Amino acid sequence: KPGIRAGANFFFFFKGDSDYYYEDFSYDPYYNNERRVEFESKTDFYVGFYGALKLTKYYTLQPEVTYSRQGSKFQYNDVIYNNEMEYGNSIRRSGQLDVSYLSIAVVNKFTFNEKFNIHIGPTLDFVVDKSTNFGNSYSSYRDVDADVDLAFTAGIGYNFTKNIGLEARVKKGIIPVLDFSDSSHTNVVFSVGATYTFDIK
C-alpha cells in the first residue's frame, strides 16, 4: 500500500565538542582565546512517500523516498580589519547553513498489537540544494563537503487507524559531511511526523 509521511526535523551536527576553528585563520590572534564557530540545532521539515509491503502479520518492508531539509544555525567570529588591512577587533555574528537532501531508505517495520510499531533501516541521502547565509558580512566558512551521506534510522510509530499514524525517528549519518581542520561533523536528525496509508494495493 502506498502512503505519504511529513513532519518536523530537529537537526544538529554530531561531534564531541561543538566549537571549532577555521583552518584559514590559524594565525589569527583570537585563535587561542576565542571560539571561532559554534554550531546550534535547527528545525525544519520533511515530506515523502512510501510503499508498505506487508510480508507477515508482524513484518512490513517499507521502501521510502523523502525530501528532507536540514542544516545548522551557528555563531562565528568575524575579524574586522583596520585601514592598513591588519587584524583589528573580532565581532561575534550569526549565520545559517541550509542543506536539502533526497533520502532513499529501506525501512524494516515490526508491528505489535496492530498499533505500535518499531522501524529500523539504512538510508542513502543525496544533497539536492545547499546555501550559507552570513547576512552582509564576509567569512571563509564553507558549506557541506560531502554530497552523499550514508545513514541509519530507527524509530517508533503508533497507528490510530489503518490509515493514519504518528512516527518519531532518529537518523545518524556515518560519513563526515563537514570538515574543519582536524575536526569533522556527521548528521544527526530527530524527526516527528504523521503518516497516511492509502487503501490502494
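Residues numbered from 1 in each chain as written. Predicted model: local features only at pLDDT ≥ 70, side-chain atom pairs only at ≥ 80, totals over all residues. Heavy atoms only, no water.

**Here's the deal with the environment of serine 103**
Short version of the rule: Secondary structure counts use DSSP, requiring at least four H or I residues in a row for a helix and at least two E residues in a row for a strand, with both numbered from the N terminus. To sort residues, take the accessible area from a 1.4 Å probe on protein chains only and compare it with the maximum for the residue type: under 20% means buried, over 50% means exposed, and anything in between is partly exposed. Contact between two residues is taken to exist if any of their heavy atoms lie within 4.5 Å; hydrogens are not considered.
Its location among the elements puts serine 103 in strand 7 (residues 87-112). Given the relative accessible area of 6%, serine 103 is considered buried. Measuring from C-alpha to C-alpha, the distance between serine 103 and valine 148 comes to 9.7 Å, with 45 residues separating the pair along the chain. Setting aside chain neighbours within four positions, we find serine 103 in contact with Glu64, Val65, Thr66, Thr123, Leu124, Asp125 and Lys171.

**Description of the nonpolar core**
Filter applied, for reference: By nonpolar core is meant a set of buried Ala, Val, Leu, Ile, Met, Phe, Trp, Tyr and Cys residues that side-chain atoms within 4.5 Å join together.
Residues Phe11, Phe13, Phe39, Phe74, Leu97, Val99, Tyr101, Val127, Ala146, Val177, Leu178 and Val189 constitute the largest nonpolar core, which totals twelve residues. With three residues, the top contributor of residues to this core is strand 7.

**Focus on the packing of aromatic side chains**
Here is the rule we go by: Each Phe, Tyr or Trp ring, with Trp reduced to its six-membered ring, pairs with another whose centre is within 6.5 Å; inter-plane angles below 30 degrees give stacked pairs, above 60 give edge-to-face pairs, and intermediate values give tilted ones.
Considering all chains together, one arrives at six aromatic pairs under this definition. An angle of 50 degrees between the planes, with centres 6.1 Å apart, marks the rings of phenylalanine 45 and tyrosine 67 as tilted. Of this pair, phenylalanine 45 sits in strand 4 (residues 42-51) while tyrosine 67 sits in strand 6 (residues 59-81), and the two are 22 residues apart along the sequence. The class for phenylalanine 45 is partly exposed, based on a relative accessible area of 36%. By relative accessible area, which is 29% here, tyrosine 67 ends up partly exposed.

**Digging into the pairing of strand 9 (residues 148-159)**
Put simply, the rule is: Each pair of strands is called paired provided DSSP finds at least two bridges between the two strands.
In the sheet, strand 9 pairs with strand 10 (residues 164-173) via nine bridges, with the strands oriented antiparallel. Residue pairing across strands places glycine 157 opposite glutamate 167, the latter belonging to strand 10. Linking strand 9 back to strand 10 in an antiparallel pair, the connection comprises four residues.

**Regarding the pattern of salt bridges**
In plain terms, the rule: Salt bridge, as applied in this entry: a Lys or Arg side-chain nitrogen positioned within 4 Å of an Asp or Glu carboxyl oxygen.
Under the criterion given, the structure shown has eight salt bridges. Arginine 69 is paired through a salt bridge with aspartate 44; the nearest N and O atoms lie 3.1 Å apart. In this pair, arginine 69 is assigned in strand 6 and aspartate 44 in strand 4, connecting sequence segments 25 residues apart. In this structure aspartate 44 comes out as buried when scored by relative accessible area, which is 17%. As a salt-bridge pair, lysine 171 and aspartate 125 come within 2.9 Å of each other at their nearest N and O atoms.

**Side note on unusual backbone geometry**
A positive phi angle, close to 60 degrees, is found at asparagine 113, a residue other than glycine. By the element assignment, asparagine 113 lies in the loop between strand 7 and strand 8 (116-133). By relative accessible area, which is 67% here, asparagine 113 ends up exposed. Positive phi, normally seen in glycine, also occurs at glutamate 114, with a value near 60 degrees. Considering the arrangement of structural elements, one finds glutamate 114 in the loop between strand 7 and strand 8.

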